[in-house]
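# Reading the structure
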Amino acid sequence: MRNNIPTAALSEFINEVSETPEEGLMSYGIEIDWETGTRAKTSTKPMLVGPHKVSRSFSWKADEPRQLMGNNHGPNPQELLLSGLGSCMMVAFVAGATAEGIQLESVKIDFDGTLDLRGFMGLGTNAGVGFPEINYVIDVVGDGTPEQFEELHRKAVKHSPNAQTIVNPVALTGEIISKQIED
Amino acid sequence: MSKKRLYGDANSKSASRNVGGWIKDLDRARQSGPFLEAHPMDAMGMSTKAVHAGTHDDARTGAVGTPIYQTSTFILHEETYESIEEGFGRDRFIYTRYGNPSQWAVQEKLASLEGAESALVFSSGMAAISAAVLAMVDVGAHVVAASDLYGGTYNLFNQEFPSLGMSATLIDSYDIEAIEAAILPNTQILYFETITNPVLKVVDIPALVDIARRHNLRLIVDSTFAPPPVMKPLELGVDLVVHSASKYLNGHSDLIAGAVCGSRKLIDMIWPRLLNYGGQLDPHAAFLLERGLKTLDIRMKAHEKSATALAEFLETHPAVDKVVYPMLPSHPDHARAKELMKMGTGNVTFFVKGGDQAALKLMDHLHLPKQATSLGGIESLISLPFNSSQSTMTSRQRADIGIHTGCVRLSVGIEDADDLIADFDQALNAIYQMKGAA
């Protein structure tokens, strides 16, 4: 199997979704529990692949370095954001390469981002809260031409759900359920 | 000698490549098979399918019937290399652990009989069940299954599941409300038997299909007790049907085999489990199973005929407390049986007066039925749950699932009904007189 992706199954799934769009609806969820300080534990909720439930028994912890009042017990939320972004682009890149018949030898994506914490702190400046920009470099070795890889890069970003969530406005709706402790 | 090689399913081809395209341009769509797409028999009757579906005469010699392809491996060439590269090795002959024409013949026949898009054969019913179940669950998964499952399946859920980080809740297959209430956020499948063993409950499959759909679950049923002439669970909306093919499907008590039938999508998900767990059916056994399957429909008619006559006779005998046969009006699920079952089977369970000791004596007085476990063979088989299939349970636990003392599990073969009735009459009279004398 090229790149260890079964092209036949990928093709069959795409054609199935084309015929039956509900098979292409993916529903995800996670739960985050505050543990202590800046550390929180994330657990995956069951996922829906089309109308079919999949058990997702995964969990991980996020923390901040000691310099940011944490204990450095895990990647911090910004690193996890970049990880989610880059891993998604990686799937799109590898799937696209496989569909084109490109054999990959190695793919690395190196991400960097700088943000100004004055935004988080609310210090009155013009600094935004989030990343003003995110930079990455894809380092790929495979039997595609430089032109093919450049085009693949463009399509991977265009079709990556996480990349498109970051570059486009997204509605963030939430509510809070609170209970006041009385003593 | 023909040089033309049959490398697999010629209808199965690589997705075309589109340099500069995106994944949406991949044009390979799923199809029934392997082979089924090229040999549609949907309009044919059960017996015609049993004889002809999947059976391909030898093109080189004209020998009628599927040759026994007793080989471990196949000569590789362009079409096979390509299938490995592209991820559709299931549609090519590469190595017998992956697939073999003798296996394909049975798979095509079974898929045709069950009305499935695809099927796989295995070296035992438990190999089929374990591969099918484990293909449909992920780590952390939970299963809701019947509380009176076949012992082997019970052991899979009870012994293996916890070691794999998974769990199962077992519920009375009559209690539809409790089954739904047992579903957890991580539940992935419902697993039930269409007709239970040995008390022959006819399970409300449409109700289970409804629950599975509403909760986004897959429903797997073991239909060993209801082969295709009796019930086609896929038509009722079940996702996967598993069988111990050692029983009715083969029908001659001379091999161990299993099968899974369903959509091409799900069977393709099970195929890698077959490869990884290694429960392939040997080509010689596949030949025997194919041969047995050819007479499935007429065997089932003979089983039903003799079983119905014998069950009706047993109901009238004073030494018999109760007879359980779904096609008798006295069966608690008779109405559902008439709705879901196209015909009866050979399985008759009955309770003799005088309890397990009387049942033991009965078996000693019988001449025709063999005292042996299993079912679905052409010869009648008789056993007592208390000292065989359910011997690890206490009498109280057995009673809880309807196995009261004196319970006799009988698989009526295809012997003439008159001979079976005469044999049971003399044996029952013998124990009844002994009881009277005492």
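Residues numbered from 1 in each chain as written. Chains lettered and ligands numbered in written order. Predicted model: local features only at pLDDT ≥ 70, side-chain atom pairs only at ≥ 80, totals over all residues.

### What to know about the interface of chain A and chain B
Our working rule: A pair of residues counts as a contact when their C-beta atoms, built from backbone coordinates, are separated by no more than 7 Å. Only DSSP runs of H or I reaching four residues or more are called helices, and only runs of E reaching two or more are called strands; each is numbered from the N terminus. Any residue outside Ala, Val, Leu, Ile, Met, Phe, Trp, Tyr, Cys, Pro, Asp, Glu, Lys and Arg is labelled polar, Gly included; the first ten of those are nonpolar and the last four are charged.
Taken together, the contacts link 28 residues of chain A with 30 residues of chain B. At the level of secondary structure, the elements contributing two or more residues to the side of chain A that touches chain B comprise α1 (7-19), β5 (52-54), α2 (77-100) and α4 (146-159) of chain A. With nine residues, α1(A) is the largest single contributor of residues to the side of chain A that touches chain B. In the side of chain A that touches chain B, the residues fall into 12 nonpolar, nine polar and seven charged.

### Here's the deal with the domain arrangement of chain A
Residues and elements named next belong to chain A. The condition is simple: Residue ranges labeled as domains rest on an automatic or database domain assignment.
Under the domain assignment, chain A is made up of domain 1 (1-74) and domain 2 (76-168). The gap between the C-alpha centroids of domain 1 and domain 2 is 17 Å. At the junction of the two partners, domain 1 supplies eight residues and domain 2 supplies 10 residues. Of the residues in the side of domain 1 that touches domain 2, the class split is three nonpolar, two polar and three charged.

### Some remarks on the domain arrangement of chain B
Accessible area lost when the parts come together is the quantity often used to give the size of an interface. Residues and elements named next belong to chain B. The domains assigned to chain B are domain 1 (23-296) and domain 2 (298-437). A C-alpha centroid distance of 29 Å is found between domain 1 and domain 2. Listed by partner, the interface residues are 25 residues for domain 1 and 28 residues for domain 2. Across the side of domain 1 that touches domain 2, the residue classes break down as 13 nonpolar, eight polar and four charged.

### Overview of helix α5 (residues 151-163) of chain B
All names here are of chain B. This is how the line gets drawn: A helix's residues, less one, multiplied by 1.5 Å, set its expected span. A residue is called partly exposed when the number of other C-beta atoms within 10 Å of its own lies between 12 and 20, exposed at 12 or fewer, and buried at 20 or more, with C-beta atoms placed from the backbone.
Look at α5: 18 Å from first C-alpha to last across 13 residues, which is about the 18 Å you get at 1.5 Å a residue. Those residues of α5 not exposed but buried are Thr 153, Leu 156, Phe 157 and Phe 161. Contact partners of the buried residues in α5: α4 (125-135), β2 (142-146), β3 (167-171) and β5 (218-222). Looking one or two residues past α5, Gly 165 carries a phi angle of roughly 75 degrees, positive in sign.

### Topic: the sheet that holds strand β2 (residues 30-36) of chain A
Residue and element names in this part refer to chain A. To be explicit about the condition: Note on pairing: DSSP must find at least two bridges between two strands before they are called paired. Here an angle of 0 to 180 degrees is reported between the N-to-C directions of two axes, which are lines fitted to C-alpha atoms, with helices fitted over the stretch in contact.
Spatially, the three strands line up as an open sheet ordered β2-β3-β6, and their pairing is antiparallel. Two strands close off the open sheet at either side, each with one partner strand: β2 and β6 (59-62). Each strand axis lies, on average, 25 degrees off the axis of its neighbour in the sheet, ignoring direction. Direction of pairing for β2 relative to strand β3 (residues 39-44): antiparallel, over a ladder of six bridges. Within the sheet, the bridge partner assigned to Ile 32 lies in β3 and is Thr 42.

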